[in-house]
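Fold and contact review
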Amino acid sequence: MSPGAVADLAQDSWWQIRPADAVETFPVSPGWPRDLIGTGLAEIAQRTYPDLRALERGDSLADPWHVIWISDEQHYALIDLADAMSWEGHGSPLGSSAFLGRDLHTLITSGVRRLQINLPQFMRYSDAGQGLLAALTGQDTTGADTRTVAQIIGAARQAISQLTVYVTYSAPMELAGFSGMAHSWAEQGLDPQLAQRAQQELGQWGNTVAQALDTMADRLLPGTPLATQSAYAGAGGGLAMMLEVLRARVLPIGAYLFGMYPETDTAISQSDLCCYIGGRIGVNIPSPLTELSDRAGKYGVPVVLVADAAGMRKGELQNLGVHGSYELRPELAFLEPQPDDPQSSAAITEKLAEQLQRVAVTWGY
């Protein structure tokens, strides 16, 4: 189900039990793609930008297929790379990010001034942003020394200076930094020797970028070091780090989406209950859930989780600031994910409505 469909079903299901209650819904997404619906971020953006249109890009290996969503009226665009370029362990994640530089040139020419780039945890066409820099500036970074890289970074910043860029990611890497990214690739199925070589090459590139920034008059913010070893540096194959170098703001998808709904804090403060509805929860906790629990906790409002499968213990729920948990298919919590199909999706819809009505009976007051 898409985020909007889930929100509508939640509202209708609650009203079947408690028709007099005021129910507000805010569609969100964990930022990673799901079978049949993708990430759902374009649908969410369309609620704020009704004129959103799709611009298809790419027709070759050098320029991979993806979609840019553009609002001409509000000068906004969304590039959802998690939807189009997530790497799932098949083939190699290595490649050139030059396509993104060409995208940014196109958007600037089109009059876009605010851009969201949503990155996958593991991405195809990964090169830690070297191709991006080359496409933005026309200068090759291969073998470039520290001084040359500093000049290229400065030119790339100037090339996109008209854009305000927000970079979102679904979850931090299990192992931090570029070395952690390469280790994770090996765990996901990449040939260990290739992963080791990528670790060395990308690690050297990260060090060169850090040294280049040290020579520049202005870095990121005064006193802010380059986050080459941060938990998000490897997101999007290192694009998170490079886009931060180019002065983009990097933040979890949950924080970004709640920022799109400035009225959420008022709604939460006036609520008796907050309910987060999500799909299957595995190792990574959806950042919209943690964002909701943090905000609700400030006002003493309980949070209930309704998930396809979660397998969480009571202690884990308490640590997350969650006060109740309901699962549609708890038997799937510890099994390998399987693709959903239209038949199973229909069954999930029915189970979701039933669980939401249980929540209304139990928590409604």
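My aim in this report is to walk through the structure given alongside it, one point at a time. Per chain, residue numbering runs from 1 following the sequence as it is written. Per-residue local features of the predicted model are confined to residues with pLDDT of at least 70, and side-chain atom pairs are confined, for both listing and counting, to 80 or more; whole-chain, interface and lining totals are unaffected and use all residues. Calculation of side-chain values draws on the structure's entire complement of heavy atoms; hydrogens and water are dropped beforehand.

Here, a salt bridge means any Lys or Arg side-chain nitrogen found within 4 Å of an Asp or Glu carboxyl oxygen. Enumeration according to the criterion identifies seven salt bridges in this entry. In this structure, the salt-bridge partner of Arg18 is Asp21, at a minimum N-O distance of 2.5 Å. Exposure remark for Arg18: the relative accessible area of 24% places this residue in the partly exposed category. Residues Arg53 and Asp72 are paired through a salt bridge, measuring 2.7 Å at the closest nitrogen-oxygen approach. Note that Arg53 is positioned in strand E1 (residues 53-57) and Asp72 in the loop between strand E2 (66-71) and strand E3 (76-80), a separation of 19 residues in sequence. Buried, partly exposed and exposed residues are distinguished by accessible area as a fraction of the type maximum, computed with a 1.4 Å probe on protein chains only: under 20%, between the cut-offs, and over 50%, respectively. Given the relative accessible area of 37%, Asp72 is considered partly exposed. Several salt bridges share partner residues, and in doing so they unite Asp265, Glu291 and Arg295 into one network. What counts as a helix is a DSSP run of H or I of at least four residues, what counts as a strand is a run of E of at least two, and both are numbered from the N terminus.

Moving on to the layout of surface pockets. In this structure, the second largest pocket spans a volume of roughly 220 Å³. Taken together, 15 residues form the lining of the second largest pocket, with Ala42, Val67, Trp69, Asp80 and Asp83 sitting closest to its centre. Of all the secondary structure elements, the ones that give two or more residues to the lining of the second largest pocket are helix H2 (41-48), E2, E3 and helix H3 (81-85). Ranked by the residues each element gives to the lining of the second largest pocket, the list is headed by H2, at four residues. Across the lining of the second largest pocket, the residue classes tally to eight nonpolar, four polar and three charged. A cavity, in this analysis, means grid points on a 1 Å lattice covering only the protein atoms where a 1.4 Å probe fits yet has no way out; a pocket is instead an open set bounded by protein on both sides within 12 Å along at least five of seven lines, and a residue lines either one if it has an atom within 4 Å of a point. Grid points are joined across faces, edges and corners, and a volume is the space filled by probe spheres set on the points. Each residue gets one label: Ala, Val, Leu, Ile, Met, Phe, Trp, Tyr, Cys and Pro are nonpolar, Asp, Glu, Lys and Arg are charged, and the others, such as Gly, are polar.

This paragraph deals with the nonpolar core. Here, the term nonpolar core denotes a set of buried Ala, Val, Leu, Ile, Met, Phe, Trp, Tyr and Cys residues that are joined through side-chain atoms within 4.5 Å. If you look at the biggest cluster of nonpolar residues, it comprises 59 residues, and the most contacted ones within it are Leu81, Leu100, Leu115, Ile117, Leu132, Ile153 and Val209. Residue contacts are counted whenever heavy atoms from the two residues lie within 4.5 Å of one another. The contact partners of Ile153, leaving out residues within four places of it in the chain, are Leu133, Val209, Ala212, Leu213, Met216, Val245 and Leu246. Core analysis: the second largest hydrophobic core is formed by 33 residues, Tyr166, Leu257, Tyr261 and Ala310 among them.

Another aspect to go through is the packing of aromatic side chains. We describe a pair of aromatic rings using the distance from one ring centre to the other and the angle between the two ring planes. Note on ring pairs: Phe, Tyr and Trp rings are taken, using the six-membered ring of Trp, and paired if centres are within 6.5 Å. Classes follow the plane angle, with under 30 degrees stacked, over 60 edge-to-face and the rest tilted. Tallied over the entire structure, the rule returns five aromatic pairs. Pairing Phe99 with Tyr125 gives two aromatic rings, centres 6.2 Å apart and planes at 70°, and the pair type is edge-to-face. With a gap of 26 residues between them, Phe99 in helix H4 (residues 98-109) and Tyr125 in the loop between strand E4 (114-119) and helix H5 (130-137) connect regions that are remote in the sequence. Both residues of the pair, Phe99 and Tyr125, count as buried. Seen in terms of ring centroids, Tyr166 and Tyr256 are 5.7 Å apart; in terms of plane orientation they differ by 55°. Their pairing is tilted.

To continue, consider the pairing of E3. Here E3 lies mainly inside the structure; five of its five residues are buried. Residues Tyr76, Leu78 and Asp80 point to one face of E3 and Ala77 and Ile79 to the other, with burial holding for every one of them. Here E2 folds back onto E3, and the loop between the two strands holds four residues, one of which, His75, carries a positive phi near 55°. Sheet topology note: the E3/E4 ladder contains five bridges and is parallel. Residue Ile79 lies in a different strand from E4, and its bridge partner there is Ile117. We call two strands paired when DSSP finds no fewer than two bridges between them.

Locating His66 in the fold gives a position in strand E2. A relative accessible area of 1% means that His66 is categorised as buried. Among the polar contacts listed, one links the side chain of His66 to the side chain of Asp103, at a separation of 2.6 Å. In contact with His66, not counting residues within four places along its chain, are Leu55, Glu56, Arg57, Ala84, Met85, Phe99 and Asp103. Side-chain atoms alone can form a polar contact between residues adjacent in sequence; in general such a contact is a pair of N or O atoms within 3.5 Å, and within protein one must be able to donate a hydrogen while the other accepts it.

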